[in-house]
Amino acid sequence: MPASKYLISLSFSFLSLLVCAQGFSSLQQRKLTNALTAISNLYVDSIDDKKMVETAIEAMLKELDPHSSYIPKTEVERVNEPLEGSFEGVGIQFQLLEDTLLVVQTISGCPAEKVGVLPGDRIIYINDELIAGTIAGVKPQSSDIMKRLRGKKGTEVIVKILRAGKKELLTFKIIRDKIPIYSVDASYMIGKDIGYIKINNFGATTVEEFQKSFTALQKLGMKHLILSLQGNGGGYLTAAHGLELCRIGIEQLLLVAVLLVKDWFSVSFHWLMAQCSA
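Reading the values: rules and limits
Residues numbered from 1 in each chain as written. Predicted model: local features only at pLDDT ≥ 70, side-chain atom pairs only at ≥ 80, totals over all residues. Heavy atoms only, no water. Patch = residues over 30% accessible without salt bridge, like charges linked within 9 Å, V, L, I, M, F, W, Y side chains within 5 Å. Areas by Shrake-Rupley, 256 points an atom, 1.4 Å probe, with all protein chains shown as cover. Salt bridge = Lys/Arg side-chain N within 4 Å of Asp/Glu carboxyl O. Helix = DSSP H or I, 4+ residues; strand = E, 2+ residues; numbered from the N terminus. Buried < 20%, exposed > 50% of the residue type's maximum accessible area, 1.4 Å probe, protein only. Core = buried A, V, L, I, M, F, W, Y, C linked by side-chain atoms within 4.5 Å. Phe/Tyr/Trp six-rings, centres within 6.5 Å; stacked < 30°, edge-to-face > 60°. Lys NZ or Arg CZ within 6 Å of the ring centre and 35° of its normal. Pairing = 2+ DSSP bridges.

Together, Ile-39, Tyr-43, Val-44, Ile-47 and Met-52 line one region of the surface with nonpolar side chains, adding up to about 480 Å² of accessible area. Here Ile-39 is to be found in helix α2 (residues 26–42). Judged by its relative accessible area of 31%, Ile-39 falls in the partly exposed class.

Further remarks concern the nonpolar core. If you look at the biggest cluster of nonpolar residues, it comprises 18 residues, and the most contacted ones within it are Ile-92, Leu-101, Ile-123, Ile-126, Leu-149, Val-159 and Ile-174. Taken together, the elements giving at least two residues each to this core come down to β2 (92–97), β3 (100–106), β4 (122–126), α6 (142–149), β6 (156–162) and β7 (170–175). In terms of nonpolar packing, the next biggest core, distinct from the first, is built from 16 residues, Phe-202, Phe-210, Leu-217 and Tyr-236 among them.

A separate point is the packing of aromatic side chains. For the coordinates displayed, the defined rule picks out 2 aromatic pairs. Against the face of Phe-87 rests Arg-150, its NZ or CZ located 4.3 Å from the ring centre. It is Lys-160 that lies over the ring of Tyr-125; its NZ or CZ is 5.6 Å from the centre.

For Asn-127, which is not a glycine, the phi torsion comes out positive at approximately 50°. Topologically, Asn-127 is positioned in the loop between β4 and β5 (129–130). With a phi close to 65°, Asp-128 is a non-glycine residue in the positive phi region. Tracing the chain through its elements places Asp-128 in the loop between β4 and β5. Residue Asp-128 is classed as exposed on the basis of its relative accessible area, which comes to 60%.

So, on to the pairing of strand β9 (residues 184–189). Inspection of the sheet shows β9 paired to strand β10 (residues 194–199) by 5 bridges, in the antiparallel sense. Note that in β10 the partner of Tyr-188 across the bridge is Tyr-196. What sits between β9 and β10 in their antiparallel hairpin is a turn of 4 residues.

In short, geometric facts, not functional conclusions.
Laid out in structure tokens, this is it:
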């Protein structure tokens with residue numbers, strides 16, 4: 001699989017790279033290395049070194065900001081899947097903030113959007129099972145939540161949602177369906193010579209979809225373009241960069257849009273590491 005197919009992820013070697021980074025003083029690097037050595041050699045019982053290192057990575061990233069998070073190897077494929085093709089589920093992208101499932105966006109035209117689920121909603125129950133908070137000392141995992149939300153086309157899942165401004169939980173019955181993933185979900189003319197394109201994520205087909213939509217609008221007389229990234233949940237770095245490269249030969253049309261992509265991407269890169277779909 002080419003490099004463009006991989007979502008940026010953190011590997012087991014992240015810890016070694018991190019302690020050797022230029023921003024860490026040699027004293028702090030030695031302190032961390034000595035701590036790992038002491039635990040390994042002196043602790044009274046056997047230890048799970050992989051679990052300890054991954055826990056350390058998670059703790060370090062937690063200190064940065066609420067959005068930076070570590071994706072274990074077992075979850076990378078699940079995170080990549082929505083950007084690669086289709087799957088059967090309810091059609092949401094979500095993120096676990098602390099111990100609560102936050103809906104980042106609903107996939108256009110899919111079951112969750114049709115019944116009224118909105119970005120910003122927090123899912124508290126799935127099929128009457130509490131998934132918010134720490135249960136029996138264990139926080140919910142993205143993989144467990146996806147297993148509950150995904151399922152065969154035509155099957156039913158009931159979710160109870162906490163929505164800002166509502167005192168009571170809202171109940172939604174969602175019928176699972178096949179979820180196609182398109183990057184461009186709107187493309188039309190809004191004036192005599194002004195086109196509009198909306199991109200909802202940066203996936204494997206984003207550049208191809210954008211070029212197709214752009215060409216179609218040009219044939220309709222487009223001379224100016226509004227490129228909307230509102231609600232864009234992130235995606236592949238190469239796709240975002242590829243979109244910038246589309247300006248070759250049409251720079252006057254895309255100059256403002258390209259600058260918007262750059263500004264957005266510099267602010268929102270951390271979202272690329274923490275998105276899941278169901």
